[in-house]
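# Examining the three-dimensional arrangement
Residue-level listing of the chains:
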Amino acid sequence: MAEPELVDVVVVGLGVGGEEVAGRLAEAGLSVVGVERDLVGGECPYWGCVPSKMMIRAANALAEARRVDGLAGSAQVRADWAPVAKRIREEATDTWNDRAAVDRFTGKGGRFLRGSGRLDGPGRVRVGDQVFQARHGIVLGTGTRPSIAPIDGLAGTPYWTNHQAIEVAELPASLLVLGGGAIGAELAQVFARFGVAVTVLEASGRILALEEPESSEVAAAALRADGVEIATEVRADRVEHDGDTFTVHAGDRSFSAEKLLVVTGRRAHLDELGLDTVGIDAGQRYLPVDDRMHVTDGIWAVGDVTGEGAFTHIAMYQASIVVADVLDGVRRAEAGPDASGTASVVGGAMGAASAVGGSMGAAGPSGAAGTVPRADYRALPRVTFTDPEVGAVGLTERQARERGINVQVGFTELSSSTRGWIHKSEPGGFIKVIADADQGVLIGATSVGPAGGEVLSALVVAVHAAVPVSQLRHMIYAYPTFHRAIQSALDDLS
Ligand SMILES: Cc1cc2nc3c(=O)[nH]c(=O)nc-3n(C[C@H](O)[C@H](O)[C@H](O)COP(=O)(O)OP(=O)(O)OC[C@H]3O[C@@H](n4cnc5c(N)ncnc54)[C@H](O)[C@@H]3O)c2cc1C
């Protein structure tokens, strides 16, 4: 057996979260081994946020051109997927090559290993024949993969996941999208706008089922306006593929198309990680963490694998907490058993890290004050980048009521605001605010509209900082902006 090599930290999985942690700890002067079996950067830059938003940008340009009729004359639009595929290949992913990301990490002083990392007992990570003993900790940022339901006949067919959907160079004539969550809705609208006959099959009663019902209604209307068929309450029980066509059977209903995209959720990469060697249950869906991202002694987790929300901004937020906590441990270890709670080392290292990462989020500044920041997801924002965008923060009305909170709801249609009326976009949008009447603060909000994700930022500040509703009511909202509708929603609180 190979002799373990002593290093400070090993980071397994260099997706958004792992890369951020590994890079910043290396910059802080620790010896860091970063292990990645696929592409450094993970899903977001290669098969997730970035290329999908490039697709959305292109699809929205088509939709906007089609709106010229009736507003500004007439326009003839001919959709062409080639420039989209080229841009994703050349600008976003470097043809799915992570050379630049690897160089970025090693340029910060990190040591990169391509391979699968596996825990090998307390403090140890094995990568092939190499074994590392981590003096200051191990960070697991192994992310998720598509969760594929065990539908009869599906395995072995050439169905798409988000990978094939993002890599597609030539569009099919028709597409079934199994799963009407955020990813399914975004991609369905993109492909429909490029002329693909798209059908969304959703198991529950509505698409975007985790969001407010009003959001689902607007998003469904928007997709239908783009020609997307939406079938709800579809529990697929059998899939057939005859070489040219997929057929999905659900009870006595069946749906056929040239391609099938399966986006029914994500599952954490936990198997083959050797969790049992450190006494962690490997059968869990996610890795539960405390508010400093500890899984257990000497092991932290970051990003999607924690199950706290599958968003890049969560991974970055958690990464800053992990960095602060690891550096705090280093400081304490170096100061010895009498270490006081002074902040000098942590403060210094965090300062250097934030200058590079620029992503401290809410956790950063408090880390520099000598106490490690604690994760707080009360004001977690989420945006579905359909057109109109669906932005939301904090609790939905239903979640708030289920928690027994004394709920007040305020609602306004965007079309009743001056800007919404001028913009003349169908099916429009709305602002919905959820207040805790006893505390007099917002605990959740939804902003649906042409810039729903951007308008959301004001509502995120309100929830995050618990700004009293009375103060929000007396803010000055610029006229005629979309965000001015927030004031009408607040006025409607009852
Ligand atoms: C289509 C799509 C669109 C999305 N759009 C958005 C968006 O608009 N906004 C947003 O915030 N989020 C979006 N997301 C989610 C976002 O991509 C994830 O939240 C983010 O990538 C999570 O980062 P991560 O570091 O936790 O994991 P990942 O990015 O999944 O990275 C984990 C890495 O670990 C590696 N790995 C796993 N096991 C091992 C092992 N044993 N050894 C070595 N390496 C290992 C994997 O190869 C992978 O590279 C989208 C996702 C998808 C699929």
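Residues numbered from 1 in each chain as written. Predicted model: local features only at pLDDT ≥ 70, side-chain atom pairs only at ≥ 80, totals over all residues. Heavy atoms only, no water.

### A look at the UniProt feature "domain: FAD/NAD(P)-binding" (unreviewed entry) in the protein chain
The test is simple: UniProt positions are given in the numbering used here, feature names are shortened, and annotations may be inferred rather than shown by experiment. The numbering of helices and of strands both runs from the N terminus, where a helix is a DSSP run of H or I of at least 4 residues and a strand a run of E of at least 2.
Sequence positions flagged by UniProt for "domain: FAD/NAD(P)-binding" (unreviewed entry) are, in local numbering, residues 8–319. Taken end to end, residues 8–319 has its terminal C-alpha atoms 17 Å apart, with 30% of it in helix and 24% in strand.

### Focus: the state of the cysteines
The line we're drawing: Any cysteine sulfur atom paired with another within 2.5 Å is treated as part of a disulfide.
The full count for this structure, using the stated rule, is 1 disulfide. With its sulfur 2.4 Å from that of its partner, Cys-44 forms a disulfide with Cys-49. Its torsion about the S-S bond being -135°, the disulfide of Cys-44 and Cys-49 is classed as left-handed.

### Description of the packing of aromatic side chains
Operational definition: Side-chain rings of Phe, Tyr and Trp (the six-membered ring for Trp) are treated as a pair once their centres are within 6.5 Å; stacked means planes under 30 degrees apart, edge-to-face means over 60, and tilted covers the remaining angles. Partly exposed residues are those whose accessible area sits between 20% and 50% of the maximum for their type, while under 20% is buried and over 50% is exposed, using a 1.4 Å probe and protein chains only. We call a charge positioned above a ring when the Lys NZ or Arg CZ atom is no farther than 6 Å from the ring centre and deviates by at most 35 degrees from the ring normal.
For the structure on display, the rule yields 6 aromatic pairs. When the centroid spacing of 6.3 Å and the interplanar angle of 55° are considered together, the rings of Trp-160 and Phe-191 count as tilted. In this pair, Trp-160 is assigned in the loop between strand E7 (144–146) and helix H6 (162–167) and Phe-191 in helix H7 (residues 182–193), connecting sequence segments 31 residues apart. The class of Phe-191 is buried, set by a relative accessible area of 1%. Relative to Phe-430, the ring of Phe-411 lies with its centre 5.0 Å away and its plane at 25°, an arrangement referred to as stacked. Here Phe-430 lies in strand E21 (residues 430–436) and Phe-411 lies in strand E20 (residues 407–413), a separation of 19 residues in the sequence. The class of Phe-411 is partly exposed, set by a relative accessible area of 27%. Among the aromatic residues, ring-to-ring pairing joins Trp-81, Trp-160, Phe-191 and Phe-194 into one connected group. Above the plane of the ring of Phe-482 lies Arg-419, whose end atom (NZ or CZ) is 4.4 Å from the centre.

### Overview of the pattern of salt bridges
Pairing between side chains of opposite charge can happen when their charged atoms approach one another. For clarity, the cut-off: Any Lys or Arg side-chain nitrogen found within 4 Å of a carboxyl oxygen on Asp or Glu counts as a salt bridge.
Counted according to the given criterion, the structure contains 29 salt bridges. Note that Glu-20 is salt-bridged to Arg-24, the shortest N-O span being 2.8 Å. One end of the pair is Glu-20 and the other is Arg-24, both in helix H1 (residues 16–27) and 4 residues apart, which spans about a single turn. Of the two residues, Glu-20 and Arg-24, neither departs from the other in class, the shared state being buried. Across the pair Lys-432 and Glu-214 runs a salt bridge, and its minimum N-O distance is 3.0 Å. With a gap of 218 residues between them, Lys-432 in strand E21 and Glu-214 in helix H8 (residues 213–225) connect regions that are remote in the sequence. You can call Lys-432 buried: its relative accessible area is 2%. Accessibility expressed as a relative area gives 23% for Glu-214, which makes it partly exposed. Salt bridges sharing common partners tie together Glu-64, Arg-67, Arg-193, Asp-226 and Asp-387.

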